[in-house]
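So you can see what is in the structure, the chains are spelled out below.
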Amino acid sequence: MSQSADAIVVGFAKSARLAEQSVAPLRRLRQEGVLRSIRYVTWDSALSDADAAPFLHRPAIELIRLRQPDAAGSFVHKNLFYQSSNLHAALSL
């Protein structure tokens, strides 16, 4: 007996077409019953609106918007902090 799993998607793609291509295999797995859910987790900010747009009207993908945490430091430090915070939040779902 197989068990369904959940998939999380974090980050963003450079274009709507690339975003669709990146989640197409996950959508197929969900249709086949391998995945129970697909959750795209991103920040709830105007800067993330364009990144989230390809996922807004996809019934197979649950869009979850989180408050972006405050970060200080260099670009690299903030980027790492944002990525790890987003992944932590997604995994806690």
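Computed from a predicted structure; not experimentally measured. (Residues numbered from 1 in each chain as written. Predicted model: local features only at pLDDT ≥ 70, side-chain atom pairs only at ≥ 80, totals over all residues. Heavy atoms only, no water.)

A. Representation of the environment of Leu 63. With respect to the element layout, Leu 63 can be found in strand S3 (residues 61-66). According to the relative accessible area criterion, Leu 63 is partly exposed, its value standing at 25%. Filtering out sequence-adjacent residues up to four positions away, Leu 63 remains in contact with Tyr 40, Thr 42, Ala 52 and Leu 56. (Helix = DSSP H or I, 4+ residues; strand = E, 2+ residues; numbered from the N terminus. Buried < 20%, exposed > 50% of the residue type's maximum accessible area, 1.4 Å probe, protein only. Contact = heavy atoms within 4.5 Å.)

B. Looking closely at the side chain of Thr 42. Checked against the element boundaries, Thr 42 lands in strand S2 (residues 35-43). For Thr 42, a relative accessible area of 5% corresponds to the buried category. Look past the residues within four positions of Thr 42 in its chain and what remains in contact with it is Ser 48, Ala 52, Leu 63, Ile 64, Arg 65, Leu 66 and Asn 86.

C. Summary view of the pattern of salt bridges. Under the criterion given, the structure shown has five salt bridges. One salt bridge connects Glu 62 with Arg 39, and the closest N-O pair in it is separated by 3.1 Å. One end of the pair, Glu 62, is in strand S3; the other, Arg 39, is in strand S2, and 23 residues separate them in sequence. When salt bridges with common partners are traced through the structure, they connect Glu 20, Arg 27 and Arg 58 into a single cluster. (Salt bridge = Lys/Arg side-chain N within 4 Å of Asp/Glu carboxyl O.)

D. Just helix H1 (residues 16-31), in detail. Helix length check: H1, at 16 residues, gives a terminal C-alpha distance of 21 Å against a target of 22 Å (1.5 Å per residue), a fit within 8%. The largest bend along H1 reaches roughly 40 degrees and is located at Val 23, with the proline Pro 25 sitting one to four residues downstream. Residues of H1 that are buried in the fold lie against strand S1 (5-10) and S3. Among the residues trailing H1, Gly 33 stands out with phi positive, at a value near 85 degrees. (Expected span 1.5 Å × (residues − 1). Bend = angle between axes of the 7 residues up to and from the residue.)

E. A look at the confidence of the model for the chain. Averaged over the chain, the pLDDT score is 87; the fraction of residues at 70 or greater is 98%. Model confidence for the chain, summarised as mean pLDDT per element, is weakest for helix H2 (residues 49-52) at 80 and strongest for S1 at 92. (pLDDT = per-residue confidence, 0-100.)

F. Representation of the packing of aromatic side chains. Tallied over the entire structure, the rule returns two aromatic pairs. Pairing Trp 43 with Tyr 82 gives two aromatic rings, centres 6.2 Å apart and planes at 65 degrees, and the pair type is edge-to-face. Residue Trp 43 is found in strand S2, and its partner Tyr 82 is found in helix H3 (residues 75-92); the two are separated by 39 residues along the sequence. Exposure remark for Trp 43: the relative accessible area of 11% places this residue in the buried category. (Phe/Tyr/Trp six-rings, centres within 6.5 Å; stacked < 30°, edge-to-face > 60°.)

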